[in-house]
Amino acid sequence: MFKSMAPIEGNQQPQLQLLWEDKEVKFDVPQLHKNLRSGEQVLDYIYHIEDSKGNPGDTGRLMVTNLRIIWHSLVHKKYNLSIGYARIGNTNTRIVHMHSKARIASQALYILAISNETRFEFLFTDVSGETSRRDQPIFASVFDVYHLYQRTYLYRDLKLRGAIVQAGQLVILPDEQVYSQVQGVWNLSSDQGNLGSFVVSNIRLVWFADANETFNISLPYLQIESLRIRESKYGPALVIQTAETGGGYVLGFRIDPAERLNELFKELCSLHSIYGEQPNFGIQYNVQDARDRLAAAAEEAAQSSQFKVDNFEELDERQEREINTKLNSYLAEGCLGKVPNGSSHGERDPVYCKELGFAMEQIRDGYKLQDLWNVMPTKMETME
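Residues numbered from 1 in each chain as written. Predicted model: local features only at pLDDT ≥ 70, side-chain atom pairs only at ≥ 80, totals over all residues. Heavy atoms only, no water.

Peer 1: Sorry, what's going on with the overall build of the protein chain here?
Peer 2: In terms of regular secondary structure, the protein chain is built from six helices and 20 strands. Looking at the 384 residues of the protein chain, the share that counts as buried comes to 42%. Within the protein chain, contacts between residues separated by at least 24 positions form 57% of all contacts whose residues are at least 6 apart in sequence. Total accessible area on the protein chain stands at roughly 22,500 Å², and carbon and sulfur atoms take up 49% of it. (Helix = DSSP H or I, 4+ residues; strand = E, 2+ residues; numbered from the N terminus. Buried < 20%, exposed > 50% of the residue type's maximum accessible area, 1.4 Å probe, protein only. Contact = heavy atoms within 4.5 Å. Areas by Shrake-Rupley, 256 points an atom, 1.4 Å probe, with all protein chains shown as cover.)

Peer 1: Honestly, the pairing of strand β8 (residues 118-126) in this entry has me stumped. Any pointers?
Peer 2: It is a general feature of regular strands that their side chains alternate between the two faces of the sheet. Across three bridges, the pairing between strand β2 (residues 42-51) and β8 is antiparallel. Across the sheet, glutamate 50 pairs through a bridge with threonine 125, a residue of β8. Taking the residues that link successive antiparallel strands as the turn, the strand β7 (residues 105-115)-β8 hairpin has two residues, and the phi of asparagine 116 there is positive, at about 55 degrees. (Pairing = 2+ DSSP bridges.)

Peer 1: Would you mind showing me how to read the pattern of salt bridges here?
Peer 2: Any two side chains of opposite charge can pair if their charged atoms end up close together. With the rule as written, the count across this model stands at nine salt bridges. In this structure, aspartate 22 and lysine 23 form a salt bridge, with 3.0 Å as the shortest nitrogen-oxygen distance. For glutamate 40, the salt bridge identified is with arginine 68, shortest N-O distance 2.7 Å. Pair noted here: glutamate 40 is in the loop between β1 (25-27) and β2 and arginine 68 is in strand β4 (residues 68-73), with a separation of 28 residues, a long-range link. (Salt bridge = Lys/Arg side-chain N within 4 Å of Asp/Glu carboxyl O.)

Peer 1: What is the right way to read helix α2 (residues 258-277) from this model?
Peer 2: Each α-helix turn comprises 3.6 residues. Residues three or four places apart therefore point the same way. For α2, spanning 20 residues, the distance from its first C-alpha to its last is 29 Å, which sits close to the expected 28 Å at 1.5 Å a residue. What α2 keeps buried is the set Leu261, Leu264, Phe265, Leu268, Cys269, Leu271, His272 and Tyr275. Looking at the packing, one finds that the buried side of α2 touches β12 (178-187), β13 (194-201), β14 (204-209), β16 (224-232), β17 (235-242) and β18 (250-255). (Expected span 1.5 Å × (residues − 1).)

Peer 1: How should the packing of aromatic side chains be read in this particular structure?
Peer 2: Each aromatic ring pair is described using two quantities: the centre-to-centre distance and the angle formed by the ring planes. Within the structure shown, the criterion is met by 11 aromatic pairs. With a centroid separation of 6.4 Å and 45 degrees between ring planes, the pair formed by tryptophan 207 and phenylalanine 253 is classed as tilted. Of this pair, tryptophan 207 sits in strand β14 while phenylalanine 253 sits in strand β18, and the two are 46 residues apart along the sequence. Assigned by exposure class, tryptophan 207 and phenylalanine 253 land together as buried. An aromatic cluster is present here, built from Phe27, Phe120, Phe122 and Phe124 joined pairwise through their rings. Note that lysine 26 overlies the ring of tryptophan 20, its terminal NZ or CZ placed 3.9 Å from the centroid. Over the ring of tyrosine 110 we find arginine 94, and its NZ or CZ is 4.2 Å from the ring centre. (Phe/Tyr/Trp six-rings, centres within 6.5 Å; stacked < 30°, edge-to-face > 60°. Lys NZ or Arg CZ within 6 Å of the ring centre and 35° of its normal.)

Peer 1: What am I meant to see in the sheet that holds β4 here?
Peer 2: Sheet strands line up and pair through hydrogen bonds in the backbone, either parallel or antiparallel. Across the sheet, eight strands lie side by side as β1-β5-β4-β3-β2-β8-β7-β6; this open sheet has antiparallel pairing. Every interior strand has two partners, whereas the edge strands, β1 and β6 (88-97), have only one. Neighbour to neighbour, the strand axes of the sheet diverge by 25 degrees on average, direction disregarded. With respect to the sheet, helix α1 (residues 140-151) is in contact with β2, β3 (59-65), β4, β6 and β7, its orientation differing from that of β6 by roughly 170 degrees. (Axes fitted to C-alpha atoms, helices over the stretch in contact; angles between N-to-C directions.)

Peer 1: What am I meant to see in empty space enclosed by the protein here?
Peer 2: Which parts of space are left empty comes out when a probe the size of a water molecule is rolled across the atoms. One pass over the structure, following the stated rule, counts two cavities of 30 Å³ or more. In this structure, the largest cavity spans a volume of roughly 40 Å³. Lining the largest cavity are Phe198, Leu205, Val206, Trp207, Ile217, Leu219, Ile240, Leu251 and Phe253. Mapped onto the lining of the largest cavity, the elements with two or more residues apiece are β14, β15 (216-220) and β18. In terms of residue class, the lining of the largest cavity is made up of nine nonpolar, no polar and no charged. When its volume is computed, the second largest cavity comes out at roughly 30 Å³. Surrounding the second largest cavity, Ala105, Ser106, Asp126, Ser128, Gly129, Glu130 and Arg134 form its lining. Grouping the amino acids of the lining of the second largest cavity by side-chain chemistry returns one nonpolar, three polar and three charged. (1 Å grid on protein atoms, 1.4 Å probe; cavity = no way out; pocket = protein on both sides within 12 Å on 5 of 7 lines; lining within 4 Å. Points joined across faces, edges and corners; volume = space filled by probe spheres on them. Nonpolar A, V, L, I, M, F, W, Y, C, P; charged D, E, K, R; others polar.)

Peer 1: Can you walk me through the sheet that holds β15 in this structure?
Peer 2: A sheet is described by the order of its strands in space; here eight strands give the open sequence β9-β15-β14-β13-β12-β18-β17-β16, paired in antiparallel fashion. Strands with a single pairing partner mark the edges of an open sheet, and in this sheet they are β9 (159-160) and β16. Of the strand pairs in this sheet, β16 and β17 are connected by eight bridges, and their pairing is antiparallel. Residue pairing in the sheet places arginine 230 in a bridge with alanine 237 of β17. Across the sheet, α2 is in contact with β12, β13, β14, β16, β17 and β18; its angle to β16 comes to roughly 165 degrees.

Structural measurements only, silent on function.
Structure follows, in structure tokens:
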């Protein structure tokens, strides 16, 4: 499709640092816990943690960042590991017994990770020896940040044919700002081309077809390896090379006139460079706020489980014994054959009942319809 593989002079954008931290499992990288990439933030520290499977006996700490979990030993500086959130298959907490004479029960974090078709199992155990930590959610930040990571993939990953456009308008992400919208953009992925529109924001470049908005591309600047203007059989075109982590696609777009294409190219290059200096991975988390919410929820649950005498009223049990007394006596007399002398088989002639509106057996002497109709007493009084 593209006649010349050489870019037009001056129309090439330098590459960004490849994002691998959330997509790989690595071991014993020198100074791993100190060399964080741009935009990566440590959201929580968890101290007195042992890597029970890989480095038993070494006390270390967990670092929960917005891209991965890092464990590094405080005893042997060269021992560390990095687990990207994208490689986590399963995680939970469990109670284990430490390898000591006392066999103290401790809380541990289990993680199953899959990388390059290899399964890794990690068990991070609390070795502080504090019994109070056993019942505390010391690993809560790991689960919170991991769930936030799963819900914010549009900040980091290329998405094809997603539900990102509604009624011709881009669904804006938190902290996203739209800078420009360009119509009349031809997607050159097919021979006939597809006419659509660009939406340029501070986080990503979005293209969607005018005829079918579900045919779209959401491309974060993080996944753009290079931006160029090349000659194609359709004339000058904007060519975007995505990173290997973004599928390694080559995307071509044509915009008329050429001046408009050059303006868009300069805007994208500028935003691409700015984003590379301080990427936004979409995860906003405050560990103190999370702990406050957990404490408030625990207090509310404790209060709701307490028995409150003020919420209940004691009923006079003597009244309960009167429930159905007359009805039971009436039925008992019928079962025992206590019937008038004029009815040898205990059958009584039916009479019309005005209150009920139909015929019924005549009520025996000494009873009223109201006595048999009421199941509960008309009024239950409470004990003083």
